[in-house]
Amino acid sequence: MASACVLIFLLAAFFHQGDCVLKLATNFGDHMVLQRAPQQAVLWGTADTEGDTITAKITGQGSQGTPTTAKVSHGKWKLELPAQTGKGPFTVDVSSSDGHVMLHDVLFGDVWLCSGQSNMYFGFSSVINATAELHHALQFPDIRFTRAKRVQSATPQDTMAFDIPWTGPNSRYIGSSSAVCWLFAEYLHEKLKYPIGLVESSWGGTPVEAWSPPQVFTACAQHNKRAPNGHGVLYNAMIHPLLSTTLYGALWYQGESNSGRAEQYGCQISNMVKQWRTQFHQQSLHQTSNSFPFGYVQLAGNANTSLVGAFPGERWAQTANYGYNPNPAMPKTFMAVAMDLPDYNSPRGTIHPRYKQDVAQRLVLGALNVAYGQKDVVFQGPFPSAFMEGQHTLEIQYDHGHAKLTVRNNKGFEVCCSVSNMTHCDDRHDAWVAALLTKHQTSLVTLGTSRCGTRHVVGVRYEWRTSPCDFKQCSLYDSASGLPAPPYISHDLKPNQGPEIIG
C-alpha cells in the first residue's frame with residue numbers, strides 16, 4: 001500500500017486531495033514563527049497510511065538538531081521539532097511515504113496567542129495616529145501574524161480556517177490585524193530583539209462563556225444560573241484546534257460582554273486561564289508550559305458619565321477579587337490597567353477606545369517582569385497596604401511605604417458610612433460618600449471623612465466608576481513609571497496582602 005501511495009503521489013505531486021496524502025494542519029504556513037528554544041515547536045497533521053513514519057527536519061544556516069519522527073495513528077501524527085536558538089529563516093521539511101510538504105521562510109521566536117472580544121479584534125488602522133503607526137510597523141519583518149476565521153461549533157474541532165495567513169507586516173493585512181496584539185509584539189521585539197509570532201483568535205461581542213471549556217462551568221456551577229447560551233462554542237472552534245501549538249504566552253482583552261455578572265466572572269476567568277494552561281500543556285506534548293504567562297487588559301473607561309455602572313465590579317472580578325495580578329488565584333498573570341484611557345470621541349463608540357498604544361505598553365511591562373523574569377521592571381501602579389483612621393480622616397499607605405506617589409487630582413475616593421459599629425460595609429444599607437484627598441506624602445494619602453458625620457467609616461473604594469477620569473487624569477500614579485493606581489475596594493478596611501505575591 002505504501003509503495004502504491006508513493007506512485008500516486010509522484011504522478012499527482014501538485015494535487016493535495018489524492019488518495020494518499022500527507023498534510024500539515026491548517027495552522028502552519030510559509031512565513032510563520034515557531035516557538036524558539038528551550039521549548040520545542042510541535043508539528044501535527046494527517047496522513048493516509050496507518051503506521052507510516054513521518055520525518056521532519058529543519059534546514060538553513062544555523063539550524064540545529066537531527067530529523068525527528070512520529071508514527072501515523074488513526075490517520076493523525078504529531079511530533080516535536082528540535083529546539084532552535086537561531087532565528088532563521090529556515091525551511092521545515094516533512095515527509096513520509098504519502099508525500100512531502102515544506103514550510104518556507106520559517107522563523108523561530110516567541111509565539112503569543114491573542115484572544116477576546118472586540119477590543120482585541122480592533123484593527124490596527126483604527127488606532128490614534130494610525131497612518132504613522134502603520135508605516136512604522138513595516139520596519140518589523142521579524143514579527144509575523146495570522147488570524148483565525150470567526151467560526152463557532154457545538155463540539156470540539158481539530159481543524160480551523162484562517163482569514164489572514166501567516167505573514168509579516170504588509171499593506172494588505174497589517175491594517176486589519178489586532179492593534180493591541182501587534183503593538184504588544186512591536187514593543188516587546190524592541191526589548192527582546194528576536195522574532196515574535198502572533199496567533200489572533202477573537203470575536204467581538206462575545207462573553208467569556210463562549211471561550212471556556214466544559215471544566216470551567218463545572219468549577220463555577222454555583223455562579224452559572226444566569227449565564228448566557230453558547231457555552232464553549234468559540235473554545236470548540238477557535239481555541240481547541242490550536243491546543244497542540246507550542247506557545248510562550250497569551251493575551252486576553254474581554255469582559256465588556258460579561259459586565260453586570262461580576263460574581264460569575266471572577267470564578268470563570270480564573271478557571272478559564274487554568275483550563276487553557278492545562279489543555280495547551282497536555283496537547284502540545286508538554287512543550288507549552290502548564291503555567292504559561294497570561295496577560296490581559298482591565299476594562300477601559302467607557303461612556304462620559306459619572307455613574308457607577310457595572311464596569312467597576314467587572315474590573316475587580318477580572319483580578320479574581322484581589323485587585324492586582326499576579327495573585328493566588330491567578331499566578332503568572334499580568335494586567336494592564338486601562339480605566340484612565342477613555343476615548344469619548346471614538347468613531348467606533350466609547351466602548352472601543354483608540355489608545356491601544358498605551359494598553360500595549362502597559363502589557364509589555366507586565367510581560368517583561370512576569371513572563372520574562374525582569375524583576376526590576378515596574379509593571380503595577382501603587383496599591384494600598386494599610387489603613388489608619390483618625391478624627392474625620394482616613395490615611396492610606398501604599399506599597400508598604402515604598403510607593404512614590406504623584407497626585408493628579410484630589411477626587412476618586414469614597415468611604416462607606418455605616419450607622420452600626422460593624423466592621424463590614426453592607427452595600428444594601430450603608431452609604432458610599434465622596435472623600436476628598438486632603439494631603440499626601442511620598443507613600444501616604446489622607447482622606448477627609450467628615451461627610452460620614454456621626455456614622456462609622458467601614459470601607460473605602462477608589463475610582464469606582466464606569467469612567468472614573470478623563471485621559472490619564474485619575475488621582476494617583478506612580479511617579480517614576482507613570483502607571484495608574486488600579487481601582488480598589490475594601491468593605492472592611494483590611495487590605496489584601498498586596499501585589500508582592502508573585503506566584
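On a predicted model such as this, the values are computed, not experimentally measured, just so you know.

Definitions and cut-offs
Residues numbered from 1 in each chain as written. Predicted model: local features only at pLDDT ≥ 70, side-chain atom pairs only at ≥ 80, totals over all residues. Heavy atoms only, no water. Disulfide = S-S within 2.5 Å. Buried < 20%, exposed > 50% of the residue type's maximum accessible area, 1.4 Å probe, protein only. Helix = DSSP H or I, 4+ residues; strand = E, 2+ residues; numbered from the N terminus. Pairing = 2+ DSSP bridges. Axes fitted to C-alpha atoms, helices over the stretch in contact; angles between N-to-C directions. Parallel < 35°, antiparallel > 145°, perpendicular 65-115°, else oblique. Left-handed = near helix turned anticlockwise from the far one by under 90°. Contact = heavy atoms within 4.5 Å. Nonpolar A, V, L, I, M, F, W, Y, C, P; charged D, E, K, R; others polar. Phe/Tyr/Trp six-rings, centres within 6.5 Å; stacked < 30°, edge-to-face > 60°. Lys NZ or Arg CZ within 6 Å of the ring centre and 35° of its normal. Polar contact = N/O pair within 3.5 Å; in protein donor to acceptor, adjacent residues only side chain to side chain. Salt bridge = Lys/Arg side-chain N within 4 Å of Asp/Glu carboxyl O.

Chemist: Any details on the state of the cysteines? Residues and values, ideally.
Modeler: Evaluated as defined, the whole model comprises five disulfides. What pairs with C416 in a disulfide is C425, and their sulfur atoms sit 1.9 Å apart. In this structure, the disulfide formed by C416 and C425 twists by about 75° around the S-S bond and is classed as right-handed. Here C416 falls in the buried class, since its relative accessible area comes to 0%. There is a disulfide in this structure between C469 and C474, and the S-S distance comes to 2.1 Å. Sign of the S-S torsion, about -80° for the bond between C469 and C474, identifies this disulfide as left-handed. Taken as a pair, C469 and C474 share a single burial class, namely buried.

Chemist: Explain unusual backbone geometry residue by residue, including any values.
Modeler: For residues that are not glycine, phi is negative in most cases, and the peptide bond is trans in most cases. Put simply, G88 and P89 share a cis peptide bond, and its omega is 15°. The topology assignment puts P89 in the loop between β6 (76-80) and β7 (90-96). Cis geometry marks the peptide bond from N325 to P326; its omega dihedral reads -5°. If you trace the backbone, P326 turns up in the loop between α8 (311-318) and β14 (333-336). Here the phi dihedral of L285 falls at roughly 60°; this positive angle occurs in a residue that is not glycine. By relative accessible area, L285 is classed as partly exposed at 34%. Of note in this structure, A320 is not a glycine but carries a positive phi near 55°. If you trace the backbone, A320 turns up in the loop between α8 and β14. We classify A320 as buried; its relative accessible area is 13%.

Chemist: I'd like a description of the sheet that holds strand β19 (residues 431-434), backed by residues and values.
Modeler: Pairing is antiparallel in the open sheet, where four strands are placed in the order β19-β18-β22-β24. In this open sheet, the two strands that pair with only one neighbour each are β19 and β24 (488-490). Averaged over all adjacent pairs, the angle separating strand axes in this sheet is 30°, with direction ignored. Bridge count for strand β22 (residues 456-462) against β24 is three bridges, and the pairing is antiparallel. Opposite Y462, over in β24, you have Y488 as the bridge partner.

Chemist: Quick one: what's the story with the packing of helix α3 (residues 130-137) against helix α4 (residues 179-192), residue by residue and with numbers?
Modeler: Put simply, α3 and α4 touch, their axes get as near as 12 Å, and they point 50° apart. Taken together, α3 and α4 sit at an angle that is classed as oblique. The interaxial crossing formed by α3 with α4 has left-handed handedness. On α4, the residues touching E133, H136 and A137 of α3 are W182, L183, E186, Y187 and E190. Residues of the contact of α3 with α4, tallied by class, amount to four nonpolar, one polar and three charged.

Chemist: Now, about the pairing of strand β9 (residues 143-148): what can you tell me, with residues and values included?
Modeler: In terms of burial, β9 is largely enclosed, as six of its six residues are buried. Relative to strand β11 (residues 196-202), β9 runs parallel, the two being bridged by five bridges. Bridge assignment links F145 to a residue of β11, and that residue is L198. Where β9 and strand β10 (residues 162-167) come together, three bridges link them in antiparallel fashion. Within β10, the position partnered with F145 by the bridge is T167.

Chemist: Can you tell me about the sheet that holds strand β1 (residues 23-24), naming the residues and giving the values?
Modeler: Overall, antiparallel pairing links the three strands, which are arranged β1-β3-β6 in an open sheet. Looking along the sheet, the strands with just one partner apiece sit at the ends: β1 and β6.

Chemist: I'd like to hear about the packing of aromatic side chains, residue by residue, with values.
Modeler: If you walk through the whole model with that rule in mind, you get 19 aromatic pairs. Taking 5.4 Å as the distance between ring centres and 85° as the angle between the ring planes, the aromatic pair formed by F383 and Y488 counts as edge-to-face. Residue F383 is found in the loop between α9 (356-371) and β15 (384-390), and its partner Y488 is found in strand β24; the two are separated by 105 residues along the sequence. Classification of Y488 by relative accessible area gives buried; the value is 3%. One aromatic cluster is present, built from ring pairs that chain together W316, Y322, Y324, F383, F387, W464 and Y488. Above the ring of F292, the side-chain terminus of R277 is found at 5.9 Å from the ring centroid. Lying across the ring of Y477, R408 places its NZ or CZ 3.6 Å from the centre.

Chemist: Tell me what's going on with the pairing of β15, and back it up with residues and numbers.
Modeler: As paired strands, β15 and strand β16 (residues 393-398) are joined by six bridges and run antiparallel to one another. Each residue of the ladder has a partner; that of P384, found in β16, is Y398. A loop of two residues connects β15 with β16, the two strands running antiparallel in sequence, and H392 in this loop sits at a positive phi of about 60°.

Chemist: Describe α9, naming the residues involved and giving the relevant values.
Modeler: Here α9 lies mainly inside the structure; 14 of its 16 residues are buried. Within two residues after α9, G373 carries a phi angle of roughly 70°, on the positive side.

Chemist: Break down the environment of W211 for me, citing the residues and quoting the values.
Modeler: Tracing the backbone through its elements, the reader meets W211 in the loop between β11 and α5 (214-219). Taking the relative accessible area as the measure of exposure, W211 reaches 0% and is therefore buried. Engagement of the side chain of W211 in a polar contact is seen with the side chain of T206, the distance being 3.0 Å.

Chemist: Please provide a residue-by-residue account of the pattern of salt bridges, values included.
Modeler: Throughout the structure, instances matching the rule amount to 11 salt bridges. Between D158 and K76 there is a salt bridge, with its nearest N and O atoms 3.0 Å apart. With D158 in the loop between β9 and β10 and K76 in strand β6, this residue pair connects regions lying 82 residues apart in the sequence. Judged by its relative accessible area of 44%, D158 is partly exposed. Note on K76: relative accessible area 44%, which makes it partly exposed. Close ionic contact of K472 with D358 constitutes a salt bridge, the shortest N to O distance being 2.6 Å. Linking K472 in the loop between β22 and β23 (476-478) with D358 in helix α9, this pair joins segments that are 114 residues apart in sequence.

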